[in-house]
Amino acid sequence: MRIYPTIFRVLFSGMDPEKAHHFAFNAIRLSEKVGLSSVARMICSPDSSLRRTVMGIDFPSPFGLAAGFDKEGAGIGSLADLGFGHVEVGTITGAAQPGNEQPRLFRLIEDKAVINRMGFNNDGAHAVAPRTRAARMLLNRRFGAHRPVIGINIGKTKVVELEDAVEDYLVSTRELAPHADYLVVNVSSPNTPGLRLLQSVESLRPLLSAVGAEADRVAGRHIPLLVKIAPDLTDEDIADVATLAQELKLDGIIATNTTISRDGLTSDAFKVAEIGAGGLSGAPLKERSLEVLKVLRAKVHASMAIISVGGVTTGEDVIERLQAGADLVQGYTAFLYEGPLWARGINKTLAKAVANGVSLRNQA
């Protein structure tokens, strides 16, 4: 019997969503401080059959936590103990910023969805860098050779003009790349004015070229580089990004970020309209995210990694993405609804599938 839905209904459903997030995240971090997360580590550790190498990196499981939950690298160790094969931190900006005015996070419980307009609230690259460095060393000690992977997602500081965006991304790159297993350039959040304009091939080319070269230089090694795109791009635009990614020899693409669409929701239309602007994530994004994955997989060569995210809730969802061509899969919104044993349940489903002879590879 699953008890977390009851906990959510009693404890969290009536609480302001952002306060609920901080409460839950603080509880996860506290469990690590008092030693309880070591128990979680024992019961949540992915089965060895789920290990895979992507972008030259060994992942203990193909399922990981998307950027947005741990925006500042404050709880990487405690989240890793919950069974995620990787934890993507961020989005981090060159300078610290408070984000948009509250309220800025809204639940659509009927849809198992969330609308957010957080606005990249974070402590800035300089403050986050030592946390990620410490987290890498911690995970090495705890897990050894098969530790969970740390991804770092970087974005544009709000007050920086678009014409200065490249240098702003380079500020974050210099601080964070040495401590990242992989680096993600986020140009697809709808909550930073003008950011999505950077998704055009003309803007992406100089940005990704500069970040990739600088990341390798400051780290003294190759840092796998990915770009995160929106689900609202047309299939033609997605194909253009795929072509550019191959031209620049990127290591991968993350698809997709949140959507500005409100199609297919069952929540009260007046309530949704009252919430206003923001990116929608969760179950309603499932269909479009899967479509984008299939478009990308058909356009890029097999060696380019695709990380699929958007509308992922169950182990069966993860299997579907892997068989559709994803190398890795991420989730976030369902974590809020499913609770701390979510990753464990997904990993158990994946391990059972493998034991029964089900392939977790592209079926095309």
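Just above, that's the structure.
All values reported here derive from a predicted model rather than from experimental measurement. (Residues numbered from 1 in each chain as written. Predicted model: local features only at pLDDT ≥ 70, side-chain atom pairs only at ≥ 80, totals over all residues. Heavy atoms only, no water.)

> Can you explain the sheet that holds strand 6 (residues 113-116)? Please cite residues and give values.
Reading across the sheet, the three strands line up as 5-6-11 and stay open at both edges, with antiparallel pairing between neighbours. Unpaired on one side and paired on the other, strand 5 (105-108) and strand 11 (279-282) mark the two borders of the sheet. Ignoring strand direction, the axes of neighbouring strands in this sheet form an average angle of 25°. (Pairing = 2+ DSSP bridges. Helix = DSSP H or I, 4+ residues; strand = E, 2+ residues; numbered from the N terminus. Axes fitted to C-alpha atoms, helices over the stretch in contact; angles between N-to-C directions.)

> Explain helix 11 (residues 315-323) to me, using residue names and the numbers behind them.
It helps to recall that an α-helix has 3.6 residues per turn; residues three or four apart then point in one direction. Among all positions of helix 11, only Gly-315, Asp-317, Val-318, Ile-319, Arg-321 and Leu-322 are buried. Elements that come into contact with the buried residues of helix 11 comprise strand 1 (52-54), strand 3 (63-65), helix 10 (286-299), strand 12 (305-309), strand 13 (328-331) and helix 13 (342-355). Of the residues one or two after helix 11, Gly-325 is the one with positive phi, at around 120°. (Buried < 20%, exposed > 50% of the residue type's maximum accessible area, 1.4 Å probe, protein only. Contact = heavy atoms within 4.5 Å.)

> Which residues make up the environment of Ile-346, and what values go with them?
Mapped onto the elements of the fold, Ile-346 is located in helix 13. Looking at Ile-346, the relative accessible area reads 2%, which means it is buried. With 190 residues separating them along the chain, Ile-346 and Lys-156 place their C-alpha atoms 33 Å apart. Each residue touching Ile-346, except ones within four places of it in the same chain, is listed here: Phe-63, Thr-313, Thr-314, Gly-315 and Val-318.

> Give me the lowdown on the packing of helix 5 (residues 125-143) against helix 6 (residues 165-176), citing residues and values where you can.
Two numbers describe how helix 5 lies on helix 6: the axes approach to 8 Å, and their chain directions differ by 25°. Considered as vectors, helix 5 and helix 6 are oriented roughly parallel to each other. Where helix 5 crosses over helix 6, the two elements pack in a sense that is right-handed. Contacts between helix 5 and helix 6 pair Ala-125, His-126, Val-128, Ala-129 and Thr-132 from the former with Ser-172, Glu-175 and Leu-176 from the latter. A class-by-class count of the residues in the contact of helix 5 with helix 6 yields four nonpolar, three polar and one charged. (Parallel < 35°, antiparallel > 145°, perpendicular 65-115°, else oblique. Left-handed = near helix turned anticlockwise from the far one by under 90°. Nonpolar A, V, L, I, M, F, W, Y, C, P; charged D, E, K, R; others polar.)

> Describe the pairing of strand 12, naming the residues involved and giving the relevant values.
In terms of burial, strand 12 is a largely internal element, five of the five residues being buried. Burial of strand 12 is two-sided: the residues Ala-305, Ile-307 and Val-309 facing one way and the residues Ile-306 and Ser-308 facing the other way are all buried. In the sheet, strand 10 (residues 252-255) pairs with strand 12 via four bridges, with the strands oriented parallel. In the strand pairing of strand 12, Ile-254 is matched with Ile-307. Each parallel crossover has a hand, and the one from strand 12 via helix 11 to strand 13 is right-handed. (Right-handed = clockwise from strand over helix to strand, strands pointing away.)

Geometry only, nothing functional implied.
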